[in-house]
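Structural overview for review
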Amino acid sequence: ELNREVAYKNLKPKYVGSALARRRFLFEGEVTGRLEHPGIVPVYGLGHDLLGEPYYAMRFVTGESLRDAVKAFHALP
């Protein structure tokens, strides 16, 4: 909609049928969307796809992945 690159988050397929997982996912998106802090990626939008599954879009952050940062941290002496 806004013609910009975003990170897209949705439920893993194994949780799609879980009402509890859906509620938690939507709550996560709503709470994260209210937070304003330099260390928290902002949420740009929250919605449902064509199948009715929830998703949210966040700023796309480039750079080192969290996985690589954790590996580097644990590799330190």
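An account of the accompanying structure is given in this report. (Residues numbered from 1 in each chain as written. Predicted model: local features only at pLDDT ≥ 70, side-chain atom pairs only at ≥ 80, totals over all residues. Heavy atoms only, no water.)

**Notes on the packing of aromatic side chains**
Aromatic ring pairs are described here by two measures, namely the spacing of the ring centres and the angle between the planes. Applied cut-off: Stacked, tilted and edge-to-face are the three classes applied to pairs of Phe, Tyr and Trp rings, where Trp contributes its six-membered ring and a pair requires centres within 6.5 Å; stacked means planes under 30 degrees apart, edge-to-face means over 60, and tilted covers the rest. What counts as a helix is a DSSP run of H or I of at least four residues, what counts as a strand is a run of E of at least two, and both are numbered from the N terminus. Relative accessibility decides the category of a residue: with a 1.4 Å probe and only protein chains considered, values under 20% of the type maximum give buried, values over 50% give exposed, and everything between is partly exposed. Charge-over-ring placement is defined geometrically: NZ (Lys) or CZ (Arg) within 6 Å of the ring centre, and within 35 degrees of the ring normal.
Scanning the model with the defined rule gives two aromatic pairs in all. On the numbers, 5.2 Å between centres and 25° between planes, the contact of Y8 with Y55 is stacked. Remark: Y55 occurs in strand β3 (residues 54-59) and Y8 occurs in strand β1 (residues 6-10); sequence separation between them is 47 residues. A residue is classified by how much of its surface remains accessible, and Y8, at 45% relative accessible area, is partly exposed. When the ring centre of Y44 is taken as origin, the NZ or CZ atom of R4, which lies over that ring, is 3.7 Å away.

**Observations concerning the pairing of strand β2 (residues 43-48)**
Heads up, the condition is: Pairing between strands is defined by DSSP: at least two bridges between them are needed.
As paired elements, β2 and β3 share five bridges and run antiparallel to each other. What sits directly across from H48, in β3, is P54. Here β2 hands over to β3 after five residues, with G52 in that stretch at a positive phi of 85°.

**Thoughts on the pattern of salt bridges**
Just so we agree on the cut-off: Salt-bridge detection follows one rule: a side-chain nitrogen of Lys or Arg within 4 Å of a carboxyl oxygen of Asp or Glu.
The full count for this structure, using the stated rule, is two salt bridges. Ionic pairing is found between K9 and E28, a salt bridge with its closest N-O pair at 2.5 Å. Of the two residues, K9 is situated in strand β1 and E28 in helix α1 (residues 19-34); the sequence distance between them amounts to 19 residues. Overall, K9 belongs to the partly exposed group, its relative accessible area being 31%. The salt bridge involving E53 is made with R22; its shortest N-O contact spans 2.5 Å. A residue pair is termed long-range when its members are at least 10 positions apart, and E53 in the loop between β2 and β3 and R22 in helix α1 qualify at 31 residues. Overall, R22 belongs to the partly exposed group, its relative accessible area being 23%.

Geometry only, nothing functional implied.
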